[in-house]
Amino acid sequence: MKGLSRLVLASRNQGKIDELQPLLAPLGIELISQADLGIASVEETGLTFVENALLKARHVCEQSGLPALADDSGLSVDALNGAPGIYSARIAGSDASDSEKVQVLLQQMQAVPKGFRQGCYHCAIVLMRHPLDPVPLIAEGHLEGVVLEAPQGAEGFGFDPVFYLPEHQCTVAQLSAAQKNKISHRAQAVSKLLMQLEPLV
């Protein structure tokens, strides 16, 4: 990893890009999105967040010739047997807006009473040096909370407006970007990744 100065982010999700850039800033690594390079998304056929992150990182490495960072994340709800899970981004179809995804989730949970709406945000991050990298760096993070019956807050993206954090007494969408970057599942995963990466750059 010596001399690593540029990474391609295997995502077209601007929310993820905006969150990851400041988190990686301490290492002085330039982050380029796959959209900037005109790289199409790969089909996510994995059965876990880690498998999908590996698929995305390998694809972008192959297409760009550069090291790649991939994030696969989502919300698992206990009452839905872990759904939407790895299908979180596609819960309402591939081109659905965040508000449409939230509405589908709330419809699926319509019959779930208060006290049984626990869920967990999961994030798996993979850094791959080249497509055949036998030892990619892998880190994971988790954030537990409760799914509300209606959205609250305007920050963040995805399910943030309905994901309530009892410890903070607000939804993720009511946190500032700085607050979210301290406690989120993605922030936790990046922190663990940086600990692995720091001695190598």
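So, how was this worked out
- Residues numbered from 1 in each chain as written.
- Predicted model: local features only at pLDDT ≥ 70, side-chain atom pairs only at ≥ 80, totals over all residues.
- Heavy atoms only, no water.
- Pairing = 2+ DSSP bridges.
- Helix = DSSP H or I, 4+ residues; strand = E, 2+ residues; numbered from the N terminus.
- Right-handed = clockwise from strand over helix to strand, strands pointing away.
- Buried < 20%, exposed > 50% of the residue type's maximum accessible area, 1.4 Å probe, protein only.
- Contact = heavy atoms within 4.5 Å.
- Arc of directions from axis to C-beta.
- Axes fitted to C-alpha atoms, helices over the stretch in contact; angles between N-to-C directions.

A look at the pairing of strand 2 (residues 30-33)
The pairing of strand 1 (residues 6-9) with strand 2 spans 4 bridges and is parallel. Bridge pairing in strand 2 places Leu7 opposite Leu31. Of the crossover connections in this fold, the one passing from strand 1 over helix 1 (residues 14-24) to the parallel strand 2 is right-handed.

Overview of the pairing of strand 4 (residues 118-128)
By the criterion of burial, strand 4 is predominantly enclosed, with 10 of the 11 residues buried. Direction of pairing for strand 3 (residues 68-77) relative to strand 4: antiparallel, over a ladder of 10 bridges. Counterpart to Val77 in the pairing with strand 4 is Gly119. Here strand 4 pairs with strand 5 (residues 137-147) via 10 bridges, running antiparallel. Along strand 5, the bridge assignment pairs Leu127 with Leu137.

Details of the environment of Lys180
Relative to the assigned elements, Lys180 resides in helix 4 (residues 177-183). As for Lys180 and Glu155, which are separated by 25 residues in sequence, their C-alpha atoms are 9.6 Å apart. Beyond its immediate sequence surroundings of up to four residues, Lys180 is in contact with Glu19, Gly156, Phe157, Asp160, Val172, Leu175 and Ala187.

Considerations on helix 3 (residues 98-108)
All of the buried residues along helix 3 are Lys101, Val102, Leu105 and Leu106. All buried residues of helix 3 project into a common sector of 135° when viewed along the axis, lining one side. Turning to helix 3, the residues buried within the fold contact strand 3 and strand 5.

Looking at the sheet that holds strand 7 (residues 170-171)
The pairing of strands in a sheet happens through backbone hydrogen bonds and is either parallel or antiparallel. Here 7 strands make up an open sheet; going across it, the order is 2-1-3-4-5-6-7 and the pairing mixed. At either end of the open sheet lies a strand with only one pairing partner, and these are strand 2 and strand 7. Pairing analysis gives 2 bridges linking strand 1 to strand 3, with the strands arranged parallel. Its bridge partner being in strand 3, Leu9 is matched across the sheet by Leu69. The sheet strands contacting helix 2 (residues 49-64) are strand 1, strand 3, strand 4 and strand 5, and the helix crosses strand 3 at an angle near 155°. Here helix 5 (residues 185-197) sits on the sheet in contact with strand 3, strand 4 and strand 5, set at roughly 160° to strand 5.

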